[in-house]
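# Architecture and fold: a report
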Amino acid sequence: MNQNMQNLSLIASKEEKLILGLMSGTSLDGLDVAVCKVTGTGTETEINVSHFETVEYDIAFRDQLKRICFRDMVSFQELTLLHKSIAIHHAKIINDLLKKWGLNSKEIDLIASHGQTVYHAPLHSHQKTETGNATLQIGDGDILSVNTGIITISDFRQKNIAGGGEGAPLAVYGDILLYAEDDNDVLLLNIGGISNFTYLPAGLSGKIICSDAGPGNTLMNQWMHEQFPGKNYDHNAVVAYSGKVSATLLASLKNHRFFFQPLPKSTGPELFSLNYLQEALKQSSLDNVSTEDIMATLNKFTVDTICEALKSVKAKPDTKLYISGGGIHNPLLMDHLKEQLSEFSFCPTESKGTHPDAKEAVLFALLANECVAGNGDAFKNLSEGIPAISMGKISFPF
């Protein structure tokens, strides 16, 4: 037997695996790295995060990503080169962190790499039925594996699309394994660049919904970067707090067919860009809206679209609500959410053993575990749009 295949077989049969979960999201701000001790598979899965860190990208690397991510027209040369250089960059981050944490690469069984989404194209965004849903993540798994010496699982979203899904969001697969409860409805909200949520009825006995809600931080971050070069987000919502919401602009922002489409659905910064904002300003016939008022309105836009999506599932009062992602650090956003969703019980993700910033990195560690040791049975007979599959492509070091 090929030595790599033999090693993978041994890893798959281990009672406990050490999996490095990686997430680089649509905010393009850095790489989340979580060292996860995983036991069991399917509904018997248990996970413990022993180390976690977000390594911020430097300005030059972030600018490289911005030149090719979420754009209709890009340089194919730059895209091709970045497919390799992202993997090299991530490998260096991993090697540096392992050294910092006193870990050897031989102790890590698997890397679970999400890669970097450069374009997400669900059917509703292009209407080309012959193609259907499509998405593209770069950051080559082979380059990552060879440069770390660790078997790497990557490119998870393609199998979801092949199975009939939209390729996003994938959170439902981890949420079912870690958060479902027999006696309580559960909502899980992640506010990254895009906001997405999972609704898990008690005992998984009703319709499970996992969907994007709309923009998370992406429009706010883009506006900050344009108005205040060098600033990538509204720290402590200082700018938003100093402005006032424009009801006219808010109505224009919410007047898009995406918000009237049935759940589940997915989207990305391809839609929620500065062009989207400029078009809303044009429709509003507003000429002299201040930077602060626009930021306050974008903050409220994010909150309103999240709340409207969550309330549409008609979850019971006192449903447990877990919130994760970068949006939790925006105090104005969180205050608005608590005010508008007062019927729900806000619960910390730490109570389930997951730091809110690490949740998506943990998700991909879980998916990697299912890829090598599971079979998709845990996801059988669930709702439409949640194919019962294991996901990920396997790359070996030399």
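Residues numbered from 1 in each chain as written. Predicted model: local features only at pLDDT ≥ 70, side-chain atom pairs only at ≥ 80, totals over all residues. Heavy atoms only, no water.

### Some remarks on the state of the cysteines
The cut-off we apply is this: Our working definition of a disulfide is a cysteine sulfur pair at a distance within 2.5 Å. Only protein chains enter the area calculation, which uses a 1.4 Å probe; residues under 20% of their type maximum are buried, those over 50% are exposed, and those in between are partly exposed.
A full pass over the atoms with the stated rule returns zero disulfides. Residue Cys36 stays outside any disulfide, its sulfur separated by 16 Å from that of Cys371, the closest cysteine. On the accessibility criterion, Cys36 (0% relative accessible area) is buried.

### Some words on unusual backbone geometry
Here is the rule: The helix count covers DSSP runs of H or I at least four residues long, the strand count covers runs of E at least two residues long, and both are numbered beginning at the N terminus.
Along the chain, Ala168 connects to Pro169 via a cis peptide bond; the corresponding omega equals -20°. Take Pro169: it is sitting in the loop between α6 (157-162) and α7 (171-179). In the segment running from Leu263 into Pro264, the intervening peptide bond is cis, with an omega of -5°. Along the polypeptide, Pro264 turns up in the loop between α10 (247-254) and α11 (274-284). The phi torsion at Phe70 lies on the positive side, around 65°, for a residue other than glycine. Turning to its location among the elements, Phe70 is positioned in the loop between α2 (59-68) and α3 (76-100). Here the phi dihedral of Asn381 falls at roughly 60°; this positive angle occurs in a residue that is not glycine. Examined against the element boundaries, Asn381 turns out to sit in the loop between α14 (359-373) and β12 (393-395).

### Digging into the packing of aromatic side chains
To keep things clear, this is the line we draw: For this analysis, a ring pair means two rings from Phe, Tyr or Trp (six-membered ring only for Trp) whose centres lie within 6.5 Å, classed as stacked if their planes differ by under 30 degrees, edge-to-face if by over 60, and tilted for the remaining angles. Each ring is checked for a lysine NZ or an arginine CZ that lies within 6 Å of its centre and within 35 degrees of its normal; such an atom marks a charge sitting over the ring.
A full pass over the atoms with the stated rule returns eleven aromatic pairs. Cluster of aromatic residues (ring-pair linked, three or more members): Phe258, Phe259, Phe272, Tyr276 and Phe301. Sitting above the plane of the Phe258 ring, Lys265 keeps its charged end 4.5 Å from the centroid.

### Quick notes on the environment of Gln222
The condition that has to hold: Residue contacts are counted whenever heavy atoms from the two residues lie within 4.5 Å of one another. Nitrogen and oxygen atoms within 3.5 Å of one another constitute a polar contact, given that in protein one can donate a hydrogen and the other can accept it, and given that sequence-neighbouring residues count only through two side-chain atoms.
Among the structural elements, Gln222 can be located in helix α8 (residues 218-227). Each C-alpha atom, one on Gln222 and one on Pro269, is 9.8 Å from the other, the two residues being 47 residues apart in sequence. Apart from residues no more than four positions distant in its own chain, Gln222 is found in contact with Phe272, Ser273 and Leu274. At 3.3 Å, the side chain of Gln222 forms a polar contact with the backbone nitrogen of Leu274.

### Looking at the pairing of strand β1 (residues 16-24)
Put simply, the rule reads: DSSP bridges decide pairing: two strands pair if at least two such bridges lie between them.
With respect to burial, β1 is a largely interior element, eight of its nine residues being buried. As paired elements, β1 and strand β2 (residues 30-39) share eight bridges and run antiparallel to each other. Each residue of the ladder has a partner; that of Gly21, found in β2, is Ala34. Where β1 folds back on β2, the antiparallel hairpin that results is connected by five residues, among which Leu28 adopts a positive phi of roughly 60°. As paired elements, β1 and strand β4 (residues 110-121) share five bridges and run parallel to each other. Within the sheet, the bridge partner assigned to Ser24 lies in β4 and is Gln116.

### Considering the pattern of salt bridges
Put simply, the rule reads: Salt bridges are defined as contacts in which a side-chain nitrogen from Lys or Arg sits within 4 Å of a carboxyl oxygen from Asp or Glu.
All chains considered together, the criterion is met by twelve salt bridges. Two residues, Asp109 and Lys14, come together in a salt bridge whose shortest N-O distance is 2.8 Å. Within this pair, whereas Asp109 is found in the loop between α3 and β4, its partner Lys14 is found in the loop between α1 (3-12) and β1, the two being separated by 95 residues in sequence. Judged by its relative accessible area of 36%, Lys14 is partly exposed. Asp304 is the salt-bridge partner of Lys300, the closest N and O atoms lying 2.9 Å from each other. Residue Lys300 and its partner Asp304 are located together in helix α12 (residues 291-312), separated by four residues, close to a single helical turn. Under the relative-accessibility criterion, Asp304 is labelled buried at 6%.

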